[in-house]
Amino acid sequence: MARKHYLTATFADGYVKTIGPVSTPFTHCWRIVAILANGKTEVFWGHTKSLAEAKRKRAPAVDAAKMRGWQRYAFEIAEAVPTGG
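Position numbers for residues start from 1 in each chain and track the written sequence from start to end. Local features are withheld for residues below a pLDDT of 70 in this predicted model, meaning they are given only at 70 or higher, and side-chain atom pairs are given and counted only at 80 or more; totals for whole chains, interfaces and linings count all residues. As a convention, hydrogens and water are excluded, and side-chain values are obtained from all of the structure's heavy atoms.

A. Looking closely at the pattern of salt bridges. The salt bridge definition used is simple: a Lys or Arg side-chain nitrogen within 4 Å of an Asp or Glu carboxyl oxygen. With the rule as written, the count across this model stands at two salt bridges. Of the charged contacts in the structure, one is a salt bridge between arginine 31 and aspartate 13, with a shortest N-O distance of 2.7 Å. One end of the pair, arginine 31, is in strand S3 (residues 28–35); the other, aspartate 13, is in the loop between strand S1 (5–10) and strand S2 (16–22), and 18 residues separate them in sequence. A 1.4 Å probe rolled over the protein chains alone gives each residue an accessible area, and that area as a share of the maximum for its type sets the label: buried under 20%, exposed over 50%, partly exposed in between. We classify aspartate 13 as exposed; its relative accessible area is 54%. Here arginine 31 falls in the buried class, since its relative accessible area comes to 5%. Here the salt bridges do not stand alone but share partners, grouping Asp13, Arg31 and Glu76 into one network. To qualify as a helix, a DSSP run of H or I must reach at least 4 residues; to qualify as a strand, a run of E must reach at least 2; elements of each kind are numbered from the N terminus.

So, in structure tokens, the structure goes:
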């Protein structure tokens, strides 16, 4: 059985996201902060096994913004580092 651990990602604005326990070797977390048509905010999260995989999530965000009618959004990526477990 694989060892489980926690991962922590710190985004540019200082927000810290912790995921886990996980046994998969994730390296990056991504988030989309979307401003909806009614002015409310929604946040979408995910984690990936590489920076390249995380960067590939940007294109679907463009489509989601159009499909869901977001006024605007920010797509961000942060490195996920092991923090114990």
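The rest of the description comes next.
B. View of a nonpolar patch on the surface. A patch consists of residues whose relative accessible area exceeds 30% and which take part in no salt bridge; residues with like charges are grouped when within 9 Å of each other, and nonpolar side chains (Val, Leu, Ile, Met, Phe, Trp, Tyr) when within 5 Å. Using a 1.4 Å probe, the Shrake-Rupley method yields the accessible areas, and only the shown protein chains count as cover for residues. Where nonpolar side chains cluster on the molecular surface, the patch consists of Tyr15, Val43 and Trp45 and spans about 270 Å² of accessible area. With respect to the element layout, valine 43 can be found in strand S4 (residues 41–48). We classify valine 43 as partly exposed; its relative accessible area is 41%.

C. Just the packing of aromatic side chains, in detail. The pairing test for Phe, Tyr and Trp rings, Trp by its six-membered ring, is centres within 6.5 Å, and the orientation test on the planes gives stacked under 30 degrees, edge-to-face over 60, and tilted for anything in between. The full count for this structure, using the stated rule, is five aromatic pairs. One aromatic cluster is present, formed by Phe11, Tyr15 and Trp45 through successive ring pairs. It is lysine 17 that lies over the ring of tryptophan 45; its NZ or CZ is 4.5 Å from the centre. One cation-aromatic arrangement involves arginine 31 over phenylalanine 11; the distance from NZ or CZ to the ring centre is 4.5 Å. Charges are assigned to positions over rings by a cutoff of 6 Å between ring centre and Lys NZ or Arg CZ, combined with an angular limit of 35 degrees from the ring normal.

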